[in-house]
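# Tertiary structure, described
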Amino acid sequence: MPLRDLGFSAAAEAVYRALLDHPGTDPAPLADGPLAPVLAELLELGVVRPDPERPSGVAPLNPALALAELIERVEAELIRRHRRAGDTRLELAELAGRFRRAGGQVQAADGLSEVDRRVLELLASGITDEAAARVVGFSVRQLRRRVAVLMARLEAASRFEAGVAAARRGWVRAAGS
């Protein structure tokens, strides 16, 4: 199994495999230089432990136990995401049912969903993408994709232009109003 599937970068995978394949060697000469972030990544992944006795300051854990624990963490995250996707599917089914019952009038007259309106309002407030993503419960990548879709819908070449167009359409309140 490629370790990258468990969150290892290519460099971290190479160093970790070298530590396991050659237990007598120690990457000490690079520990304070270019290898320092890789060792920190391995510590964060939980496959090495701090070891002040070794020149590099780290020692690999029993690979079977370390990787089993890491796989459990990855599985737990996947299950959490799957549940979130399942919840979203249920919400979509509920919305679709309400949409049919209401004769197709669930969205506002402008066709903008509440999430899209909230995203536009947050961006108009000057909040960063990272903070806006946290507020609406998206990843930064999801938020940026949503903004790109909104920009295309508003036929805007920039986020500023999108903000002006959204305010003109009444989708968000203009600054100061």
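This write-up is about the structure you can find in this document.

## Considering the overall build of the chain
- Within the chain, the secondary structure is distributed over eight helices and two strands.
- When the elements of the chain are put in sequence order from the N terminus, they spell out α-α-α-β-β-α-α-α-α-α.
- Here the chain, with 177 residues, has 29% of them falling under the buried criterion.
- Looking at the chain alone, contacts between residues at least 24 apart form 46% of all its contacts between residues at least 6 apart.
- As presented, the chain carries roughly 11700 Å² of accessible surface, and 56% of it is formed by carbon and sulfur atoms.

## Description of the packing of aromatic side chains
- One pass over the structure, following the stated rule, counts zero aromatic pairs.
- Its end group placed over the ring of Trp171, Arg169 keeps NZ or CZ at 5.2 Å from the ring centre.

## A closer look at the nonpolar core
- Formed by 19 residues in total, the largest nonpolar core has its most connected members in Val119, Leu120, Leu143, Val147, Leu154, Ala166 and Trp171.
- Elements that contribute at least two residues to this core include exactly α5 (114–124), α6 (129–136), α7 (140–153) and α8 (159–168).
- Setting aside residues no more than four positions away along its own chain, Leu154 makes contact with Ala162, Ala165, Ala166, Arg169 and Trp171.

## Some words on the environment of Leu19
- The residue Leu19 is located in helix α1 (residues 10–21) in this model.
- A C-alpha to C-alpha distance of 9.5 Å links Leu19 and Val48, two positions 29 residues apart in sequence.

## What about unusual backbone geometry?
- Although it is not a glycine, Glu155 sits at a positive phi angle of roughly 55°.
- Position of Glu155 among the secondary structure elements: in the loop between α7 and α8.
- You can call Glu155 exposed: its relative accessible area is 69%.

## Some points on helix α3 (residues 36–45)
- Among the residues of α3, those classed as buried are Val38, Leu39, Leu42 and Leu45. One side of α3 holds all its buried residues, which, seen down the axis, span an arc of 120°. Opposite its buried face, α3 presents the exposed residues Pro37 and Glu44, each directed more than 90 degrees away.
- Phi turns positive, to about 85°, at Gly46, one or two residues after α3.

## Things to note about the pattern of salt bridges
- Under the criterion given, the structure shown has five salt bridges.
- With a closest N to O distance of 2.6 Å, Arg159 and Asp129 form a salt bridge. With Arg159 in helix α8 and Asp129 in helix α6, this pair connects stretches of sequence that are 30 residues apart.
- What makes Arg159 partly exposed here is its relative accessible area of 39%.
- Under the relative-accessibility criterion, Asp129 is labelled buried at 11%.
- One network of salt bridges, with partners in common, ties together Asp129, Glu130, Arg144 and Arg159.

## Focus on α1
- End to end, α1 covers 16 Å across 12 residues, agreeing with the expected 16 Å (1.5 Å per residue, within 8%).
- Within α1 the residues assigned to the buried category are Ala12, Glu13, Val15, Tyr16 and Leu19.

## Structural notes on the side chain of Asp129
- At a separation of 2.9 Å, a polar atom in the side chain of Asp129 contacts the side chain of Arg144.
- Not counting residues up to four positions away in its chain, the partners in contact with Asp129 are Leu123, Val140, Leu143, Arg144 and Arg159.

## Quick notes on the packing of α6 against α7
- One can describe the packing of α6 onto α7 by two numbers: an axis separation of 9 Å at closest approach and a directional angle of 100°. The angle between α6 and α7 places the two elements in the roughly perpendicular class. Contacts between α6 and α7 involve Asp129, Glu130, Ala132, Ala133 and Val136 from the first element and Val140, Leu143 and Arg144 from the second.
- Of the residues belonging to the contact of α6 with α7, the class tally is five nonpolar, no polar and three charged.

Each value, and the rule that gives it
Sequence order sets the numbering: in each chain, residues are counted from 1 along the sequence as written. Note on the predicted model: pLDDT of at least 70 is required for a residue's local features to be given, and 80 or more for side-chain atom pairs to be given and counted; whole-chain, interface and lining totals, by contrast, use all residues. Here the side-chain values reflect all heavy atoms present in the structure, with hydrogen atoms and water set aside. Where helices and strands are cited, they refer to DSSP runs of H or I of at least four residues and of E of at least two residues respectively, numbered from the N terminus. A simple rule labels every residue: compare its accessible area, found with a 1.4 Å probe on the protein chains alone, to the largest value its type can have, and call it buried under 20%, exposed over 50%, or partly exposed in between. Residue contacts follow a heavy-atom distance rule, with two residues in contact if any of their heavy atoms lie within 4.5 Å. Accessible areas in this description were obtained via Shrake-Rupley with a 1.4 Å probe; residue shielding takes into account the shown protein chains only. Geometry of aromatic contacts follows a simple scheme: Phe, Tyr and Trp rings, the Trp one being its six-membered ring, pair when their centres are within 6.5 Å, and the pair is stacked under 30 degrees between planes, edge-to-face over 60, tilted otherwise. For a lysine, the NZ atom is tested; for an arginine, the CZ atom; a charge sits over a ring if that atom is within 6 Å of the ring centre and within 35 degrees of the ring normal. In this description, a nonpolar core means a group of buried Ala, Val, Leu, Ile, Met, Phe, Trp, Tyr and Cys residues linked to one another through side-chain atoms lying within 4.5 Å. The arc refers to the directions leading from the helix axis to the C-beta atoms. When a carboxyl oxygen of Asp or Glu is within 4 Å of a side-chain nitrogen of Lys or Arg, the pair counts as a salt bridge. Any helix carries an expected span of 1.5 Å times its number of residues minus one. Whenever a nitrogen or oxygen atom comes within 3.5 Å of another N or O atom, the pair is scored as a polar contact, on the condition that within protein one atom can donate a hydrogen and the other can accept it, and that pairs from neighbouring residues in sequence are kept only if both atoms are in side chains. Angular values range over 0 to 180 degrees, each being the angle between N-to-C directions of two axes fitted as lines to C-alpha atoms, with helices fitted over their stretch in contact. Working rule for angles: under 35 degrees goes down as roughly parallel, over 145 as roughly antiparallel, 65 to 115 as roughly perpendicular, anything else as oblique. Ten residues, namely Ala, Val, Leu, Ile, Met, Phe, Trp, Tyr, Cys and Pro, are considered nonpolar, four, namely Asp, Glu, Lys and Arg, are considered charged, and the remaining ones, Gly among them, are considered polar.

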